[in-house]
Structure formats: C-alpha cells, structure tokens
Amino acid sequence: MPAAVLEKMIAGLGSAWPAGVAVAICPPQSEPGDLYPVEEAAVSRAVTGRRAEFAGGRRAARRALAALGHPEVAIPMAEDRSPIWPEGIVGSVSHCDTACIAVVARQSDYMALGVDIEPFNPLPEDILPEIGLASELDAVGPDRRLAGRQLFSAKEAAYKAQYPLSRTLFGFDALRYDGAVRALRFARPVPPFAKGQTIPVSQWTGDGLCLSLSALSRT
Ligand SMILES: CC(C)(COP(=O)(O)OP(=O)(O)OC[C@H]1O[C@@H](n2cnc3c(N)ncnc32)[C@H](O)[C@@H]1OP(=O)(O)O)[C@@H](O)C(=O)NCCC(=O)NCCS
C-alpha cells in the first residue's frame with residue numbers, strides 16, 4: 001500500500017475533503033535524519049520500524065503545516081504520546097506499514113482533528129466484540145469483519161479528535177456508531193462531551209485502504 005496510492009485517493013476526493021484541512025503523506029523514513037533533537041529524544045530507544053513511522057509522520061506533519069503557510073517547526077511528543085502542535089494549530093498523525101499521514105488546520109477553524117489509516121481488510125472475528133456491538137457492525141455494512149475494520153478506524157479517528165479536548169483515555173465501548181446520523185455517539189459523559197453527543201467521522205475506502213477523518217469544526 002504505497003504512500004502514492006493514499007495520495008491519489010485523497011486527491012480524488014475533491015470537495016468531499018473538508019475545507020481548511022491540510023494533508024500530507026510520506027513513506028516511513030528508514031533514515032530519520034530530519035528529526036529535531038526533541039523529536040529524536042522521543043524515539044531514541046525505539047525499534048527501527050517505530051523510528052521510521054515516527055519520522056515519516058513528522059515529515060508529513062511539516063509538509064502539511066507548510067501547505068497551511070506555517071514555518072517548519074519541531075513537533076514534540078507529549079508524555080501521553082500525543083503530538084504537541086504549534087500555537088494556533090490542531091492536527092493528527094496516523095501510520096500504516098507503507099504510509100504516514102498528517103492532517104493540520106488552524107485552531108480558529110477547527111477545535112480538533114483525528115485521522116486514522118488502516119489496510120482495508122477484515123478484522124479477526126474474535127476481536128469484533130471488543131470493537132463494537134453487533135448492532136453497530138450491522139449499521140456499518142453487511143460484511144461483519146470488514147465493518148469491524150471500518151468501525152475500528154472510525155473510533156480511532158474520533159478518539160484522537162476528542163483527546164485534546166477531554167484528555168481522557170477510554171475503550172471502544174465509550175463511543176457507539178449511530179447509523180441514522182452516520183456519526184459516533186458518546187455512550188457516557190466524557191467531559192466536555194455529554195452523553196449522547198456526536199463526533200463526526202468521514203470515511204473513504206478503496207485501493208485496499210480505509211481512511212477515517214474526524215474534523216471538529218467550529219462552524
Ligand atoms: C493513540 C492511538 C489511538 C493510536 O492509534 P494506533 O492505531 O496505535 O496508531 P496510529 O498510527 O493510527 O496513530 C499513532 C499516532 O497517534 C497519535 N497519538 C498518540 N496518542 C494520542 C492521543 N492521546 N491523542 C491523539 N493522538 C495521539 C500520535 O501522533 C501517534 O503517532 P506518533 O507517535 O508517530 O506521533 C492508540 O494507540 C491508543 O492509545 N488508543 C487508546 C485506546 C483506544 O483506542 N480506545 C478506543 C477509542 S474509541
């Protein structure tokens with residue numbers, strides 16, 4: 001699943017992609033030479049594959065920032081492992097084996113962003129109950145295991161988007177897919193989110209990929 005396939009997929013979305021959200025894709029960087037010292041420190045003891053995906057994500061993030069007209073900066077990793085975006089910017093990073101994706105936007109336009117990229121293949125049957133209820137899987141699509149992959153990806157994107165606002169870690173049961181509104185709904189209060197509040201997630205599948213984007217717009 002080369003990064004070029006993902007790039008083509010996003011380019012093909014045209015106006016379906018949310019306005020004001022800059023995106024960039026890079027392959028994992030096997031020689032992560034362009035990390036800033038504060039970033040290098042975050043992965044100095046990591047295995048090669050982890051260093052490569054981290055560096056690819058940081059490179060993609062800087063390219064996405066440049067597309068917004070933002071100067072190149074370090075993007076440190078917080079203690080909770082979330083990226084620390086520059087003042088006035090919100091963003092998110094995800095990686096799979098061959099592609100690292102970063103999305104960024106101005107904080108004046110979006111409260112937060114969450115992105116997830118996955119290979120679009122069926123999840124193993126035995127982990128489906130952990131990801132969602134049978135009713136959620138049914139609402140996503142007819143193939144339970146593929147629906148599981150889509151639900152997993154949507155929940156990961158929504159989780160990343162809500163995290164900067166709630167700073168709360170929770171399991172997959174905290175968000176339920178509501179097919180009627182095509183959004184994820186909080187099953188319990190996660191302040192500042194109320195029980196029943198929805199988080200929008202857009203999802204695109206094709207060319208062996210499942211891409212989910214949760215963009216919490218201010219408008
Ligand atoms: C954070 C998490 C969602 C990452 O998902 P993943 O599938 O392992 O990996 P991805 O490649 O998609 O994303 C990794 C990126 O997420 C980002 N990230 C890590 N913690 C984060 C957080 N708390 N909030 C937002 N983004 C976070 C980082 O940018 C990371 O990449 P980097 O370390 O190279 O910068 C996952 O590891 C996690 O902790 N999940 C919490 C439990 C959960 O999933 N609950 C269910 C939600 S409904």
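Residues numbered from 1 in each chain as written. Predicted model: local features only at pLDDT ≥ 70, side-chain atom pairs only at ≥ 80, totals over all residues. Heavy atoms only, no water.

## Section: the UniProt feature "domain: 4'-phosphopantetheinyl transferase" (unreviewed entry) in the protein
Test applied: UniProt positions are given in the numbering used here, feature names are shortened, and annotations may be inferred rather than shown by experiment. Put simply, DSSP H or I for four residues or longer makes a helix, DSSP E for two residues or longer makes a strand, and each gets a number counted from the N terminus.
Here the UniProt feature "domain: 4'-phosphopantetheinyl transferase" (unreviewed entry) sits at residues 113–176. End-to-end, the C-alpha atoms of residues 113–176 are 19 Å apart, and along that stretch the chain is 53% helix and 14% strand.

## Regarding the UniProt feature "binding site: CoA" (unreviewed entry) in the protein
Formally: A cavity here means a set of 1 Å grid points, computed over protein atoms only, where a 1.4 Å probe fits but cannot escape. A pocket is an open set with protein on both sides within 12 Å along at least 5 of 7 lines, and lining residues have an atom within 4 Å of a point. In this scheme, a residue with accessible area under 20% of its type's maximum is buried, one over 50% is exposed, and one in between is partly exposed, where area comes from a 1.4 Å probe on protein chains only. Residues count as neighbours in contact if any of their non-hydrogen atoms are within 4.5 Å of one another.
The UniProt record annotates "binding site: CoA" (unreviewed entry) at R50, R58, S94, H95, D116, E156 and K160. Cross-referencing the annotated residues with the lining of the largest pocket gives R50, R58, S94, H95, D116, E156 and K160. Position of H95 among the secondary structure elements: in strand β2 (residues 89–95). With a relative accessible area of 25%, H95 lands in the partly exposed category. Not counting the four nearest positions on each side in its chain, H95 is found in contact with R50, E53, F54, C100 and I117. Turning to its location among the elements, K160 is positioned in helix α6 (residues 144–166).

## Remarks on the site of the ligand
Note the following rule: Nearness is judged by heavy atoms alone; a residue qualifies as near a molecule or strand once a single heavy atom is within 4 Å of it. For the purposes of these results, a polar contact is taken to be a pair of N or O atoms within 3.5 Å, where, inside protein, one atom must be able to donate a hydrogen and its partner to accept one; residues adjacent in sequence count only when each atom of the pair is a side-chain atom. In this description, accessible areas are obtained by the Shrake-Rupley approach with a 1.4 Å probe, and a residue is regarded as covered only by the protein chains that are shown.
As a matter of local geometry, the ligand sits amid 21 residues, with R50, R58, S94, E156 and F170 nearest to it. One of the side-chain N or O atoms of S94 is found 2.8 Å from an oxygen atom in the ligand. Contact between the ligand and F170: a nitrogen atom at 2.7 Å from a main-chain N or O atom of the residue. Coverage of the ligand by the protein amounts to 80% of the 920 Å² it exposes when considered alone.

## Here we look at the pattern of salt bridges
For clarity, the threshold we go by: Salt-bridge detection follows one rule: a side-chain nitrogen of Lys or Arg within 4 Å of a carboxyl oxygen of Asp or Glu.
Per the stated rule, a full pass over the model turns up 12 salt bridges. A salt bridge links E118 to R149; the nearest nitrogen and oxygen atoms lie 2.8 Å apart. Taken together, the positions of E118 in strand β4 (residues 110–119) and R149 in helix α6 put the pair 31 residues apart, joining distant regions of the chain. Per residue, the accessibility class of E118 equals that of R149, and both read buried. Taken together, the shared-partner salt bridges connect E39, R62 and E72 into one network.

## Focus: the sheet that holds strand β8 (residues 202–206)
Here is the rule: Note on pairing: DSSP must find at least two bridges between two strands before they are called paired. To get an axis, a line is fitted to the C-alpha atoms, and for a helix only the part in contact is used. The angle between two axes follows their N-to-C directions and goes from 0 to 180 degrees.
Pairing in this open sheet of 3 strands is antiparallel, and the strands run β4-β9-β8 from one edge to the other. Looking at strand neighbours, the two that pair on one side only are β4 and β8, the edges of this open sheet. Each strand axis lies, on average, 10 degrees off the axis of its neighbour in the sheet, ignoring direction. Relative to strand β9 (residues 209–217), β4 runs antiparallel, the two sharing 9 bridges. Residue pairing across strands places P119 opposite L209, the latter belonging to β9. Together, β4, β8 and β9 form the strand contacts of α6, whose direction differs from that of β4 by roughly 150 degrees.

## Here's the deal with the sheet that holds strand β7 (residues 198–200)
Taken in spatial order, the 3 strands of this open sheet run β5-β6-β7, and their pairing is antiparallel. Strands with a single pairing partner mark the edges of an open sheet, and in this sheet they are β5 (175–178) and β7. Each strand of the sheet is rotated relative to its neighbour by a mean of 35 degrees, with strand direction disregarded.

## Details of unusual backbone geometry
In this model, P191 is joined to P192 through a cis peptide bond whose omega is 10 degrees. Relative to the elements of secondary structure, P192 occurs in the loop between β6 (183–186) and β7. Phi at R81 is positive, roughly 80 degrees, even though this residue is not glycine. Topologically, R81 is positioned in the loop between α3 (48–67) and β2. Taking the relative accessible area as the measure of exposure, R81 reaches 57% and is therefore exposed.

## What about the domain arrangement of the protein?
For clarity, the threshold we go by: The split of the chain into domains comes from an automatic or database domain assignment. Joining two parts hides part of their accessible area as seen by a 1.4 Å probe, and the buried area is that hidden amount summed over both.
Taken as a whole, the protein is organised into domain 1 (3–115) and domain 2 (122–201). On a C-alpha basis, the centres of domain 1 and domain 2 stand 23 Å from each other. Each side of the interface is counted separately: domain 1 has 10 residues, and domain 2 has 7 residues. Together domain 1 and domain 2 conceal approximately 570 Å² of surface at their shared face, both sides included; 54% is due to carbon and sulfur atoms. Of all residues in domain 1, D80, A112 and G114 give up the largest surface area on contact with domain 2, accounting jointly for 50% of the area buried on that side. The tally of links between domain 1 and domain 2 comes to 1 salt bridge. A salt bridge links D80 to R167, with the shortest nitrogen-to-oxygen separation between them at 3.3 Å. Summed over the shared surface of domain 1 and domain 2, the result is 4 residue pairs in polar contact (both at pLDDT 80 or more). If you list the elements that add at least two residues to the side of domain 1 that touches domain 2, you get β2 and β4.

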